[in-house]
Amino acid sequence: MGAYTEQYRRGLDDPEGFWLDAARAIDWVRPPSRALDSSGAPLYRWFGDGVLNTAYNALDRHVEAGRGEQDALLWDSPVTGAKDRLTYRELRDRVARFAGALRSLGVGRGDRVIIYMPMVPEAVVAMLACARLGAVHSVVFGGFAPAELAARVEDATPTVIVAASCGIEPARTVEYLPIVTDALAATTHQPDHVVVLQRPAAPATLDDPRHVDWDELVASAEPADPVPVAATDPLYILYTSGTTGKPKGVVRDNGGHAVALAWSMPAIYDVGPGQVWWTASDVGWVVGHSYIVYAPLLVGATTLLYEGKPVGTPDAGAFWRVIAEYGVRALFTAPTALRAIKRVDPDGAATAEHDLSGLATLFLAGERLDPETLSWARETLGVPVIDHWWQTETGWPVAANPRGLEPMPVKPGSASVPMPGWDVRVLSPSGEELPPGREGAIALRLPLPPGALPTLWGDDDRYVESYLSRYEGHYLTGDSGYRDDEGYLFVMGRTDDVINVAGHRLSTGSIEAVLAAHPAVAECAVIGVADRLKGQLPHGLVVLKAGADVDHGRLRDELVAAVRDEIGPVAAFRDVSVVEALPKTRSGKILRRTMRGIADGRDEPVPSTIEDPGVLTALRPILRPGS
Ligand code: COA
Ligand code: AMP
């Protein structure tokens, strides 16, 4: 039996033994005596009596073990021309001091702090400072509009918001403080303070008594020691798109998260102490939380924070320059980033200008990896290209190729095999397990392993209803797919209203809500349409109210602007079609699933309950151009 099979089996047959062993990779204030607590099933807890501090594990213990002078964080910012390096000692000291600063503003264990910052070291400092205090951070991605930020403020009720004065996109500077101010004008909950990191590109005017300058605050702060917290205490909340407009507050605990991530780093990514690891994503997404910040630091690696794009900052060789300059051992990014590079430099000529000999592996996730991009990356870089599959909710990979444990053969189109603790099932609509080769709903048998969400913030009922109620005893992933006869998992796409635009997860339901609010729109549907660069793009289909006399071009502009204002530029919403009708069942339900299937190129059966099949026929060329 290979190492993978042995560990996978043990994870399912003896979860207590497997996870208590894995927990030894963490320094506990009080080690857990038990792993799983099922007393609140279907809500499960891990390491219930364990006590620890996540920031201590990410920083202090490495300094105490003599690694204080090793680089912890490398920052490379082609959009500003700045670079920085922080050793473990320096990062620990900055985190301790900012934790003291937050404490001076009244932040304590269990309090929430919203972090609204671009890819600057201070974003990492702020996250770890919260962890140090036992406070709960909630990072909000910079590409969201004020209304999205407001929804998160209302739900998380933060004591403090930490923001930067601006983020820098290649074509424009995004001023963050006006977005915070607009968001707070719309919320009933108000934070006590807004800490602002002034960036030279666009300093903000601090004109509210609640505004506090980061530098001034830190100058007078006393460093704070790590606060011991229960393993089950929340470390962070990360909001993600659900099927409705209201984002879901995915909760991550301290103990299970630390144990699972510390297991994943050597076993899946084959990265350990002192090695340089680069995740080219954003701290606003789960990939950034787990694999820019926590996992690499928990294992004493050096993590790279990159404030730039794959192309245009300044060119398609940007990633290769960074890999060579810092001796990156492994890169993790989204397939879209590679498609963007390939579009500009199809022959990969820019790789010849950089020494990429230190790169061992390229990991890709966040969206489907198309076989064309996979083979291009493999040929261009000459290293294994590893697809793996997971979600904000799961916190770490469900299916992957465990490169450190036992490298498995790569099968194009597959995210490889389930990782220990994840009992992956492919189910029919009636809940029966499907044989190899048959596509169905991907579900995970409960309990989920450490690191997965224990619940949604303040809403156990919504957690149960959204994820656990479709199939008894299972968590519903929202993805469909199949397994082959060797147990490899092939993830085919979402079965719900979530779409994936350039690796960014969006809800079509929330875009529909914006379109439906326009006075000329009678009804609408938003569908993810295949896109060669971004994987999917949202496409709005709108039916006008009877008698509405509007110029279609103007309507389109208004709807595009409304989505940008309400959700944000990250929605990349540009395509609107005014159509005569939407396909419906005889009882009036819009056939979104059927339209999605057509847009994804699947041979979706047309329900017998369809009211007028001609409506669907007329939409086919719009849903899948070129079909
Ligand atoms: N703050 C503010 N605005 C942001 C932002 C941020 N952090 N990130 C993106 N935006 C804006 C962009 O400026 C753009 O605005 P525009 O409409 O005014 O041009 C819009 O949101 C869409 O951004 P994006 O999806 O990034 O598209 P792009 O055309 O600017 O860039 C790529 C295309 C391929 C270069 C880019 O999508 C990319 O790097 N993708 C990698 C995928 C990735 O890292 N995914 C993370 C999950 S693992
Ligand atoms: P997020 O929560 O933003 O990480 O998005 C998770 C969703 O992205 C999953 O439910 C999938 O739909 C999709 N996804 C992530 N990784 C992959 C992958 N390797 N292959 C296919 N889809 C993926």
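On a predicted model such as this, the values are computed, not experimentally measured, just so you know.

Analysis parameters
- Residues numbered from 1 in each chain as written.
- Chains lettered and ligands numbered in written order.
- Predicted model: local features only at pLDDT ≥ 70, side-chain atom pairs only at ≥ 80, totals over all residues.
- Heavy atoms only, no water.
- Near = heavy atom within 4 Å.
- Polar contact = N/O pair within 3.5 Å; in protein donor to acceptor, adjacent residues only side chain to side chain.
- Areas by Shrake-Rupley, 256 points an atom, 1.4 Å probe, with all protein chains shown as cover.
- Helix = DSSP H or I, 4+ residues; strand = E, 2+ residues; numbered from the N terminus.
- Nonpolar A, V, L, I, M, F, W, Y, C, P; charged D, E, K, R; others polar.
- Domains from an automatic or database assignment.
- Contact = heavy atoms within 4.5 Å.
- Buried area = accessible area lost by both parts, 1.4 Å probe.
- Salt bridge = Lys/Arg side-chain N within 4 Å of Asp/Glu carboxyl O.

### Brief notes about the site of ligand 1
So, step 1. Among the 25 residues in the neighbourhood of ligand 1, the closest are listed as Glu 169, Arg 172, Lys 534, Arg 564 and Arg 574.
So, step 2. Within the backbone of Gly 142, an N or O atom sits 3.4 Å from a nitrogen atom of ligand 1.
So, step 3. Separating an oxygen atom of ligand 1 from a side-chain N or O atom of Lys 534 is a distance of 2.9 Å.
So, step 4. Within the complex, 83% of the 940 Å² of free accessible area of ligand 1 lies under protein.
So, step 5. Among the elements of the structure, β10 (172–175) and α12 (335–344) are those that each provide at least two residues to the shell around ligand 1.
So, step 6. For the shell around ligand 1, the element with the most residues is α12, which contributes three residues.
So, step 7. Across the shell around ligand 1, the residue classes tally to 13 nonpolar, six polar and six charged.
So, step 8. The residues that make up the shell around ligand 1 include at least three from each of domain 1 (23–70 + 82–270) and domain 2 (502–623).

### Describing the site of ligand 2
So, step 1. Around ligand 2, 15 residues are found, and the nearest of them are His 388, Thr 392, Asp 479, Arg 494 and Arg 505.
So, step 2. One of the backbone N or O atoms of Gly 366 is found 3.0 Å from a nitrogen atom in ligand 2.
So, step 3. Asn 500 has a polar side-chain atom sitting 3.0 Å from an oxygen atom of ligand 2.
So, step 4. Here ligand 2, which alone exposes 490 Å², has 93% of that area covered by the protein.

### Looking at the domain arrangement of the protein chain
Often, the extent of an interface is quoted as the loss of accessible area on bringing the components together.
So, step 1. Here the protein chain is partitioned into domain 1 (23–70 + 82–270) and domain 2 (502–623).
So, step 2. When each unit is reduced to the centre of its C-alpha atoms, the spacing between domain 1 and domain 2 is 36 Å.
So, step 3. Each partner contributes to the interface: domain 1 provides 14 residues, whereas domain 2 provides 13 residues.
So, step 4. For the domain 1 and domain 2 pair, buried surface summed over both sides reaches about 940 Å², with 52% attributable to carbon and sulfur atoms.
So, step 5. Put simply, domain 1 and domain 2 have zero salt bridges between them.
So, step 6. The interface formed by domain 1 and domain 2 includes four residue pairs in polar contact (both at pLDDT 80 or more).
So, step 7. When residues in the side of domain 1 that touches domain 2 are grouped by element, the largest group, three residues, is from helix α6 (residues 146–156).
So, step 8. In terms of residue class, the side of domain 1 that touches domain 2 is built from five nonpolar, seven polar and two charged.

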